[in-house]
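Residue-level structural notes
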Amino acid sequence: MAFDLLRAMEHVHGHAGWLSTAALVHPAIVLRSRTRRVGLTVLLSTLFVTLTSATGAWLYVGYRNQLKRDIFRDARDVGLLFERKEHLAFVALVLAWAGTVAYFASTRAKGDIQGSLRKIAFRAFACSATLAILTAVFGTIVSVYRSF
């Protein structure tokens, strides 16, 4: 059996997606404390989610060329679920970056603005983690139905 790069990357992306979800939950939890310094946690979780998203973007070309038509023909609901997964993943990524920017801006801010930025960072990561959970579940459903 020949090595199939798309299939291998699909597996890596799927596992990294679940790990990214856990990585997004962590800053959402630790940012509840307004005094903890969590810069490394925030940065690493966002970078991990970004890399996972990049592998998904790379895989999309193969998905579009090899799987999308058949999935939509045979199970339109599964195809639509994959499309929703993509949108939710993008919003989760944007929210992770928004939380990262808000957190690091809060480290330079003073007074009420600092507290507001930390609250924004917490909420951004909490929403990002929630959307990442949905993304991972939807992605698992689609990959169980059909993969490379």
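Heads up: these notes are all about the structure in this document. Note on numbering: residues in each chain are counted from 1, in written sequence order. Confidence filtering applies because this is a predicted model: local features only for residues at pLDDT of at least 70, side-chain atom pairs given and counted only at 80 or more, and all residues used for totals across whole chains, interfaces and linings. Hydrogens and water are ignored here; the side-chain numbers use all heavy atoms of the structure.

What about the layout of surface pockets?
To keep it simple, the criterion reads: Computed over the protein atoms alone on a 1 Å grid, cavities are sets of points where a 1.4 Å probe fits but cannot get out and pockets are open sets with protein on both sides within 12 Å along at least five of seven lines; a residue lines them when it has an atom within 4 Å of a point. Grid points are joined across faces, edges and corners, and a volume is the space filled by probe spheres set on the points. Only DSSP runs of H or I with at least four residues qualify as helices, and only runs of E with at least two residues qualify as strands; both kinds are numbered from the N terminus onward. Any residue outside Ala, Val, Leu, Ile, Met, Phe, Trp, Tyr, Cys, Pro, Asp, Glu, Lys and Arg is labelled polar, Gly included; the first ten of those are nonpolar and the last four are charged.
Put simply, the largest pocket is a space of about 850 Å³. What lines the largest pocket is a set of 37 residues, and nearest its centre among them are H13, G56, F82, K85 and T135. If you tally residues by element for the lining of the largest pocket, the top one is helix α1 (residues 5-30), at ten residues. A breakdown of the residues in the lining of the largest pocket according to their chemical character gives 18 nonpolar, 15 polar and four charged.

Some remarks on α1
Definition in use: Helix span is expected to be 1.5 Å times the residue number reduced by one. Throughout this description, a polar contact denotes any pair of N or O atoms lying within 3.5 Å of each other; where both atoms belong to protein, one of them has to be capable of donating a hydrogen while the other can accept it, and for residues adjacent in sequence the pair is counted only when both atoms sit in side chains.
Over its 26 residues, α1 extends 37 Å from the first C-alpha to the last, a length consistent with the 38 Å expected when each residue adds 1.5 Å. At the N-terminal end of α1, a side-chain oxygen is found 3.3 Å from the backbone nitrogen of L6, two or three residues along, and the residue is D4.

A short note on the pattern of salt bridges
Oppositely charged side chains can form a pair if their charged atoms are brought close together. The cut-off we apply is this: In the sections that follow, a salt bridge refers to a side-chain nitrogen of Lys or Arg positioned within 4 Å of a carboxyl oxygen of Asp or Glu. Here the term buried applies to any residue with accessible area under 20% of the maximum for its type, exposed to any over 50%, and partly exposed to those in between, with areas from a 1.4 Å probe on protein chains only.
According to the stated counting rule, one finds four salt bridges in the structure shown. Note that D70 and R73 form a salt bridge whose closest N and O atoms lie 3.0 Å from each other. Within this pair, D70 and its partner R73 are both found in helix α3 (residues 68-74), separated by three residues, close to a single helical turn. On the basis of relative accessible area, D70 is assigned to the partly exposed category, the value being 26%. With a closest N to O distance of 3.2 Å, R146 and D74 form a salt bridge. Note that R146 is positioned in the segment after α5 (111-145) and D74 in helix α3, a separation of 72 residues in sequence. Judged by relative accessible area, which is 25%, R146 ranks as partly exposed.

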